[in-house]
Amino acid sequence: MEPCLFCRIAGGEIPSEKVYEDEFVYAFEDINPQAPVHVLIVPKRHIARVEDLCHSDAETAGRLLTAAAVIAKQRGLTNGFRAVFNNGADGGQEVEHIHLHLIGGVKMGWPPFPSV
Ligand code: AMP
Ligand code: ZN
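Given the structure is predicted, the values throughout are model-derived calculations rather than measurements.

## Some words on the environment of Trp110
- Topologically, Trp110 is positioned in the segment after strand 5 (100-104).
- Given the relative accessible area of 66%, Trp110 is considered exposed.
- In the structure, Trp110 is positioned 22 residues away from Gly88 in sequence and 20 Å away in space, judged by C-alpha atoms.

## Details of the sheet that holds strand 1 (residues 18-21)
- On the basis of which strands lie adjacent, the open sheet formed by 5 strands has the order 1-2-3-5-4 and antiparallel pairing. For this open sheet the edge positions go to strand 1 and strand 4 (81-84), each flanked by a neighbour on one side alone. Here the strands of the sheet are splayed against their neighbours by 20° on average, with no regard to which way each runs.
- Across the sheet, helix 2 (residues 58-74) is in contact with strand 1, strand 2 (25-29), strand 3 (37-43), strand 4 and strand 5; its angle to strand 3 comes to roughly 155°.

## With respect to the coordination of the zinc ion (ligand 2)
- Each protein donor to the zinc ion (ligand 2) is listed here as Cys4 (SG), Cys7 (SG), His46 (ND1) and His97 (ND1); together their distances run 2.0 to 2.3 Å.
- Here the donor residues of the zinc ion (ligand 2) share one chain and are spaced in sequence as C-x2-C-x38-H-x50-H. Here Cys4 is found in the segment before helix 1 (5-10), whereas its partner His46 is found in the loop between strand 3 and helix 2, with 42 residues between them in sequence.
- On the basis of relative accessibility, which here comes to 35%, the residue His46 falls in the partly exposed class.

## Observations concerning the pattern of salt bridges
- Within this structure, the stated rule accounts for 9 salt bridges.
- The salt bridge involving Lys44 is made with Glu21; its shortest N-O contact spans 2.9 Å. Of this pair, Lys44 sits in the loop between strand 3 and helix 2 while Glu21 sits in strand 1; the two residues are 23 residues apart in sequence, bridging distant segments of the chain.
- As a salt-bridge pair, Glu59 and Arg63 come within 3.2 Å of each other at their nearest N and O atoms. Of this pair, Glu59 and Arg63 both sit in helix 2, 4 residues apart, which is roughly one turn of that helix.
- For Arg63, a relative accessible area of 24% corresponds to the partly exposed category.
- Connected through shared salt-bridge partners, Lys18, Glu21 and Lys44 make up one network.

What counts, and at which threshold
- For every chain, the first residue of the written sequence is number 1, and numbering continues from 1 onward in sequence order.
- The naming scheme follows written order: chains are lettered A onward, ligands numbered 1 onward.
- Predicted model: local features are reported for residues with pLDDT of at least 70 only, side-chain atom pairs are reported and counted for 80 or more only, and whole-chain, interface and lining totals are derived from all residues.
- Where side-chain values are given, they derive from all heavy atoms of the structure, hydrogens and water being excluded.
- Secondary structure elements are taken from DSSP: a helix is a run of H or I of four residues or more, a strand is a run of E of two residues or more, and numbering for both begins at the N terminus.
- For every residue, the accessible area obtained with a 1.4 Å probe (protein chains only) is divided by the maximum for its type, and the residue is called buried under 20%, exposed over 50%, and partly exposed between those limits.
- Criterion used throughout: strands pair if DSSP finds at least two bridges between them.
- As a rule, the C-alpha atoms of each element are fitted with a line to give its axis, helices using only the stretch in contact, and angles between N-to-C directions run from 0 to 180 degrees.
- Any two residues whose heavy atoms approach within 4.5 Å are treated as being in contact.
- For Na, K and Ca the donor cut-off is 3.2 Å, and for all other metals it is 2.8 Å, counting N, O and S atoms only; because water is absent from this set, sites may look incomplete.
- Any Lys or Arg side-chain nitrogen found within 4 Å of a carboxyl oxygen on Asp or Glu counts as a salt bridge.

The following block contains the structure:
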């Protein structure tokens, strides 16, 4: 099977603007930023969706958040930020490789979906 887009980015096969990397995760600038700070943090190993995580992925899942903490500090997001997984069709996930959107530098509203 063809490796997915974010596997290829994390593996260096497709260029990206690297923001952070450790043993478990790779972070890069979103190509279509929705805010002054918009970074994507992905596991280096392919995991399609949040519901595919199992207990043995606990360190990888945790590293997505600890990377967000490091990057938020680096970017000076002291007034807050949003960390979002778009997951599955209803969640608006376009790339089927888990990615944490770290979005900041702007005051955000809630809810981020049309009211029902
Ligand atoms: P999602 O809708 O949650 O699946 O988000 C996918 C994100 O990936 C979008 O914000 C896109 O702008 C971003 N994206 C797609 N291709 C690339 C790329 N080659 N480099 C960086 N970001 C990308
Ligand atoms: Zn992948």
